[in-house]
Amino acid sequence: MTPVPAPPEPSPLPPDLLQDAAAVFGLLSATVRLHLLWLLALGERDVGTLADETGQSVATVSHHLGKLKLAGLVRAHRQGKHQIHYVDDPHVVEMVRLAVQRQRETRSGPARSPARGA
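Bear in mind that the values here come from a model prediction, so they are computed numbers and not experimental data.

Caption draft 1: Up close: the overall build of the protein. Helix and strand counts for the protein stand at five helices and three strands. From first element to last, N terminus to C terminus, the protein shows the α and β order α-α-β-α-α-β-β-α. A globule of 118 residues ought to have a C-alpha radius of gyration of about 13 Å, yet the protein, at 19 Å, is considerably larger. Dimensions of the protein along its principal axes, counting C-alpha atoms only, are 65 × 35 × 30 Å. For the protein, with 118 residues in total, the buried portion stands at 25%. Residue pairs at least 24 apart in sequence account for 50% of intrachain contacts in the protein once pairs closer than 6 positions are excluded. When the accessible area of the protein is evaluated, it comes to approximately 8800 Å², of which 57% is carbon and sulfur surface. Distance between charge centres in the protein, computed from 13 positive and 11 negative side chains, equals 7 Å.

Caption draft 2: Layout of the sheet that holds strand 3 (residues 82-86). Strand order in the open sheet formed by three strands is 1-3-2, with antiparallel pairing between adjacent strands. Each of the sheet's edge strands pairs with one partner strand only, and the pair in question is strand 1 (45-46) and strand 2 (75-79). Strand direction decides the pairing type here: strand 2 and strand 3, joined by five bridges, are antiparallel. Counted as the bridge partner of A76 is H85 from strand 3.

Caption draft 3: Geometry of a nonpolar patch on the surface. Side chains of L13, L17 and L18 sit close together on the surface and give an oily, nonpolar patch of about 280 Å² of accessible area. With respect to the secondary-structure elements, L17 resides in helix 1 (residues 15-28).

Caption draft 4: Expanded view of the pattern of salt bridges. Considering all chains together, one arrives at two salt bridges under this definition. The salt bridge partner of E53 is R45, with a shortest N-O separation of 2.5 Å. For R45, a relative accessible area of 16% puts it in the buried group. One salt bridge in this structure joins D88 and R75, with 3.7 Å as the shortest N-O distance. Of this pair, D88 sits in the loop between strand 3 and helix 5 (90-108) while R75 sits in strand 2, placing them 13 residues apart in sequence. The exposure class assigned to R75 is partly exposed, which follows from its relative accessible area of 46%.

Caption draft 5: Quick look at the layout of surface pockets. By volume, the largest pocket is sized at about 230 Å³. Listing elements by their share of the lining of the largest pocket, those giving two or more residues are helix 1, helix 2 (31-42) and helix 5. When residues in the lining of the largest pocket are grouped by element, the largest group, five residues, is from helix 5.

Caption draft 6: Structural detail: helix 2. The terminal C-alpha atoms of helix 2 lie 17 Å apart, and with 12 residues this matches the ideal 16 Å at 1.5 Å per residue to within 8%. Along helix 2, the residues that are buried comprise V32, R33, L36, L37, L39, L40 and A41. Elements in contact with the buried residues of helix 2: helix 1, strand 1, helix 3 (47-54), helix 4 (58-70), strand 3 and helix 5. Where helix 2 terminates, the next one or two residues include G43, which has phi positive at roughly 155°.

Thresholds, definitions, all that
- Residues numbered from 1 in each chain as written.
- Predicted model: local features only at pLDDT ≥ 70, side-chain atom pairs only at ≥ 80, totals over all residues.
- Heavy atoms only, no water.
- Helix = DSSP H or I, 4+ residues; strand = E, 2+ residues; numbered from the N terminus.
- Rg over C-alpha atoms; globule rule 2.2 N^0.38 Å.
- Buried < 20%, exposed > 50% of the residue type's maximum accessible area, 1.4 Å probe, protein only.
- Contact = heavy atoms within 4.5 Å.
- Areas by Shrake-Rupley, 256 points an atom, 1.4 Å probe, with all protein chains shown as cover.
- Lys, Arg positive; Asp, Glu negative; His and termini not counted.
- Charge placed at Lys NZ, Arg CZ, Asp CG, Glu CD.
- Pairing = 2+ DSSP bridges.
- Patch = residues over 30% accessible without salt bridge, like charges linked within 9 Å, V, L, I, M, F, W, Y side chains within 5 Å.
- Salt bridge = Lys/Arg side-chain N within 4 Å of Asp/Glu carboxyl O.
- 1 Å grid on protein atoms, 1.4 Å probe; cavity = no way out; pocket = protein on both sides within 12 Å on 5 of 7 lines; lining within 4 Å.
- Points joined across faces, edges and corners; volume = space filled by probe spheres on them.
- Expected span 1.5 Å × (residues − 1).

As structure tokens, this is what we get:
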């Protein structure tokens, strides 16, 4: 049997790259922002529609959309009198889908024991 070569050593990650990645996860840690990204991954929406679908006020949704826009996770275009918001980054969509899917699988699967060392 031929031995399987060891994977290459991972290159060190620069601290600023880790800090920026952690900031994205920080933004996603707010339930309402995660919900907004989930909905926007399904299609474009205006603030009023997002407020209705999340059960939040328009002011709350606008506040969170502002943070997501500043981070470059959400974009908007004007359609008549409305700003239409959307996610234009497939990586963000995939992260949100993976996180939600993992939780669905965890909830529907057999009870799991806590991770070692946690």
